[in-house]
Structures are given as C-alpha cells and as structure tokens.
Amino acid sequence: MSPSPRDRELRGREVARSPWGTWKIRLPVAAFSDALAAAAHRNLPLIVSVTRADIERWYRGSIHRVRHTESRLDISGDGFALHFKANHLGSVLLRNDGKAEEAGPAVELYDRAERLLARIHSLPEPETNARWREIMDLAATRAL
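These lines cover the structure that appears in this document, whether it is placed above or below. (Residues numbered from 1 in each chain as written. Predicted model: local features only at pLDDT ≥ 70, side-chain atom pairs only at ≥ 80, totals over all residues. Heavy atoms only, no water.)

So, about the nonpolar core. Counting 33 residues, the largest nonpolar core has Phe32, Ile75, Phe84, Leu109 and Trp132 as the members making the most contacts within it. With residues up to four places along the chain from it excluded, the contact list for Phe84 reads Ser71, Arg72, Leu73, Asp74, Ile75, Leu89, Leu109, Leu117 and Ala118. (Core = buried A, V, L, I, M, F, W, Y, C linked by side-chain atoms within 4.5 Å. Buried < 20%, exposed > 50% of the residue type's maximum accessible area, 1.4 Å probe, protein only. Contact = heavy atoms within 4.5 Å.)

As structure tokens, then:
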C-alpha cells in the first residue's frame, strides 16, 4: 500500500514513524503557541490534561489566552492557567497515535527531563476535530 499524501508530507526531518502509521513532529514553541492562539481565536473547545508526579488534572473548554515570550509560555481559559518557564520546557510534540482518531492529534509538552507536563487535544466531536486538525496540520507543515 502506497503512503498517503499526508504521510509523504510528514515523512521528514522531525518526524518519527512506527510500523502502525503513527507519527510525531517536534514543534517549535512559537509554532505551538501560534497554533493554540488560532484555536483560542476560533473558540475551539479542547481537552487539556496536566500531569504532575502524583496527580493529573483535566480541563475541558476553550482556551482564551496564549502568551509566548522569550522567558515564558502562558495558557489560560475559564478556571485554569498553565505557566511554563522557557528554561524548564524541554519539547513540544504534535503526536498522532492512531488510538484516539476521533479526537485527532494531540500536542504534548515535556520538561527538560522528558517528563510529560501537559497534553492538549480536541473534543471527540466531528466538527471540533476537523477544525483542530486543520490548525494542527498547518502547524505541522510549518514545522517541517
């Protein structure tokens, strides 16, 4: 079976592929913050899970503000706020694991020790998922 145009497009510099057709792309923080700001501008409802050593918290709703500076990344919505110092943020990955196709790709933020800090993905609704995929496809294309 020949790869789809999307697979051919994603096969590149920052892409890791598995035999099951999953992929991940390392995103620059600026590209991620721009994509998340686009989702906020569209009032796109998302699911944000925040992981700490012994807890996991979930937020479900729209993101209202994304601010990226040289020293910080701040993300906020109704009832939640995430603040990352630039020197603590290790990597941002756009990942499609194929397990949650109805929610589309997820963005994962890791610290410098490669511990998961947060995961952001779409609600499992067709219209929301389509808009999320559009935004993330653009971020992925810019990252390649």
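That was the structure; now back to the text.
Across five bridges, the pairing between strand 4 (residues 56–68) and strand 5 (residues 72–77) is antiparallel. Counted as the bridge partner of Ile63 is Gly77 from strand 5. What sits between the antiparallel neighbours strand 4 and strand 5 is a turn of three residues. Here strand 5 runs beside strand 6 (residues 80–85); their pairing, made up of six bridges, is antiparallel. (Pairing = 2+ DSSP bridges. Helix = DSSP H or I, 4+ residues; strand = E, 2+ residues; numbered from the N terminus.)

To continue, consider the packing of aromatic side chains. Considering all chains together, one arrives at one aromatic pair under this definition. Between Tyr59 and Phe80, the ring centres sit 4.0 Å apart and the planes meet at 35°, which makes this aromatic pair tilted. One end of the pair, Tyr59, is in strand 4; the other, Phe80, is in strand 6, with 21 residues separating them in the sequence. When its relative accessible area of 13% is taken as the criterion, Phe80 is described as buried. (Phe/Tyr/Trp six-rings, centres within 6.5 Å; stacked < 30°, edge-to-face > 60°.)

Right, let's get into the pattern of salt bridges. For the structure on display, the rule yields seven salt bridges. The partner of Glu108 in a salt bridge is Arg95, with the nearest N and O atoms 2.8 Å apart. Linking Glu108 in strand 8 (residues 106–111) with Arg95 in strand 7 (residues 89–96), this pair joins segments that are 13 residues apart in sequence. Accessibility expressed as a relative area gives 6% for Glu108, which makes it buried. Residue class for Arg95 comes out partly exposed when judged on its relative accessible area of 23%. (Salt bridge = Lys/Arg side-chain N within 4 Å of Asp/Glu carboxyl O.)

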